[in-house]
Each structure stands twice: as structure tokens, then as C-alpha cells.
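# Inside the fold
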Amino acid sequence: MVVEAPEPRFVAKTTRDRIGRIWAPVLIDGKGPFRLVLDTGANHSAVIPSTAAALGSPRAANAMVVTGFTGSAVVPTISVSRMEVGDLLLGPTTLPIVADVFGGAQGVLGNEGLANRRIVADFSHDHLEIFTSHGEPAHVGFSVVPLKIGDGGLLIADVKVGGIHCKAVIDTGAQGTVGNLVLRDALMRHPRDAKRAEVVGVTLDVQSGDSLAAPQIEMGGLTINGVRVTFGDMYLFEHYHLTQKPVLLLGMDLLGSFDVLIIDYRERELQIRLDRAQL
């Protein structure tokens, strides 16, 4: 009989920033760990200026155009040899240096290394796991939401909002849930309880929209109520050609309310367990 040792897994505290996003401890060129926001909506990792300074004197690279939720900007970059988080190894790579808008985190861990990975964020026990997916099916008590991979590695699910079919982007780097104008118009032509809200992106561009209490959201057999959505003509929707049909971007205000959140890139599915208080 041959007994194989279990595959090592990266496990860390799911420390969250003040606006609810997940922090992952990442070693960069052997230094750190640095607290990077785990951002499934970002196709490239990035660091803030203080993190770049803490790395000493890595080789400066050419400037890069960074696209954020509210705009784009040309930013300086640095070249690093490796980034490590658990068994996830990236590099050599170029990291853009972006503004510090991450609520205390030191940068962003993007989705460029997450293919075939499984991410388990257990908020009830405060730990995060990132490891190679082996196609593990959802356990009892979990709801499953099928995913597609869109442009830029975006994770996209089919959901219904107030009975309206729409595409939903799963974005663990976003503070709040945001909808495009097509979805807003499909739901209510003349919103009565709208409040103006501002969204600040990584490029420091500011866009505003109508913050509204959304009707129920249906996904993976779940019905979710009480979500407030900011509807606006956001730059990212235009960049990814998401302006012609109803689209909702699910941020951590919703995703962070679950008990356990599992993203399986290999199986292309989201596995969700609700907090018992929500059942």
C-alpha cells in the first residue's frame, strides 16, 4: 500500500481591511509578507508606493497603463523576480505602483496566477486557503453558482435581479455592489429613493451614481435581499464592453456576508455557504 502525503496548503488569517476586502500575505522577492487585497476583478497585481520603497531598490521598469473601475492612468512600475503566497508562485513580473486606496492593504494580488486554483475564504473561522484545485465538489450545505471566464479574467455568473436576467461579475476587490445603467433602467425608470454615491478607483478617478435598495438577487438557488447597489456609467463597464446588457458587479458588501466563499477556477464555479443567521 502506498500512502501519499497530503498536498501542502497555504492557510492564513483572512484579515480584512476596513471596507471588508480579503487580505492575502504575499512574499515579494523574499521580503514581507505584504498584505495584498485578493482581487478577482484585477488582471494584474500591483503595489502601493510604500511597498515599493520597502522592497529596497528593485529595477525600475517602463511605465504602464492601469485600468481601474473609474478610469485609467499611466503609472510607474518595478520589476520583481518572484511573488509567493502558499504554493502560488508568480514571476518574474512587473508590478505597477498605484495609489493607496486599499483601506490599509499594501497592494493587490490579481487574478493572473489563479488559473486552476481553489480559493477558500472561511469568514467564520478567519482563514484563507489558496491551493491547486482537484475538482472537489461542493459539500452539503453549499450552493453552487456556475462561472464563466470573461475578458481580463473576470469571473461572470448568471443571476436575476428583481426578475431581470443579468450578468454578474464576482469582484473580491470591490467594496460595494455596482450595476450598469441598463440594469437600473430595466428595474425602475424613475427611481424614487435614489441617493448619490461616489466610487473612487485605483487611479483616483471619481465617478458617481444612484445608490438604490435593489430588489431580491437570485443566484445559485439562493435569494438575497437587502443589498444596496450603486448604479452608474462606470468606466470599467465601458472598458470591458458591458454597457449594452444588464450587468451587476458583486462587491465585498455582498460576498463578505457569506459564512464561507469558495472560488474554484478549474471547475469554474462559486460555492457559497450562508451564515446560519441568514438561513
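Parameters and conventions
- Residues numbered from 1 in each chain as written.
- Predicted model: local features only at pLDDT ≥ 70, side-chain atom pairs only at ≥ 80, totals over all residues.
- Heavy atoms only, no water.
- Core = buried A, V, L, I, M, F, W, Y, C linked by side-chain atoms within 4.5 Å.
- Buried < 20%, exposed > 50% of the residue type's maximum accessible area, 1.4 Å probe, protein only.
- Contact = heavy atoms within 4.5 Å.
- Salt bridge = Lys/Arg side-chain N within 4 Å of Asp/Glu carboxyl O.
- Helix = DSSP H or I, 4+ residues; strand = E, 2+ residues; numbered from the N terminus.
- Phe/Tyr/Trp six-rings, centres within 6.5 Å; stacked < 30°, edge-to-face > 60°.
- Lys NZ or Arg CZ within 6 Å of the ring centre and 35° of its normal.
- pLDDT = per-residue confidence, 0-100.
- Pairing = 2+ DSSP bridges.

In this structure, Ile28, Met83, Leu109 and Leu270 are the most contacted members of the largest nonpolar core, which totals 56 residues. Those residues in contact with leucine 270 that lie beyond four places of it in its chain are Ser143, Val144, Val145, Leu147, Ile170, Met219, Leu261, Ile262 and Ile263. Counting twelve residues, the second-largest nonpolar core is a separate cluster that includes Leu154, Met234, Leu242 and Leu249.

Between side chains of opposite charge, a pair can form as their charged atoms come close. Evaluated as defined, the whole model comprises six salt bridges. Note that aspartate 185 is salt-bridged to arginine 184, the shortest N-O span being 3.1 Å. Its salt-bridge partner being arginine 273, residue aspartate 259 comes within 2.7 Å of it at the nearest N-O pair. You can see aspartate 259 sitting in the loop between helix 4 (252–255) and strand 24 (260–264) and its partner arginine 273 sitting in strand 25 (residues 269–273), a full 14 residues away along the chain. According to the relative accessible area criterion, aspartate 259 is buried, its value standing at 6%. Residue classification places arginine 273 among the partly exposed positions, given a relative accessible area of 24%.

With that settled, consider the packing of aromatic side chains. For the coordinates displayed, the defined rule picks out zero aromatic pairs. Over the aromatic face of tryptophan 23 sits the side chain of arginine 35, whose NZ or CZ is 5.0 Å from the ring centroid.

Before going further, it helps to examine the confidence of the model for the chain. The share of residues in the chain with pLDDT of 70 or more is 82%, and the mean pLDDT across the chain is 84. Predicted confidence for residues 1–6 stays below pLDDT 50, and this span has zero contacts to residues more than four positions away or in other chains.

Counting buried residues along strand 24, five of its five residues qualify, which places the element largely inside the surrounding structure. Here strand 24 shows no split at all, with Val260, Ile262 and Asp264 on one side and Leu261 and Ile263 on the other all buried. By the bridge criterion, five bridges tie strand 24 to strand 25 in an arrangement that is antiparallel. For isoleucine 263, the partnering residue across the bridge sits in strand 25 and is leucine 270. In textbook terms, the turn of a hairpin is the stretch between consecutive antiparallel strands, and for strand 24 and strand 25 this stretch comprises four residues, one of which, arginine 268, has a positive phi near 55 degrees.

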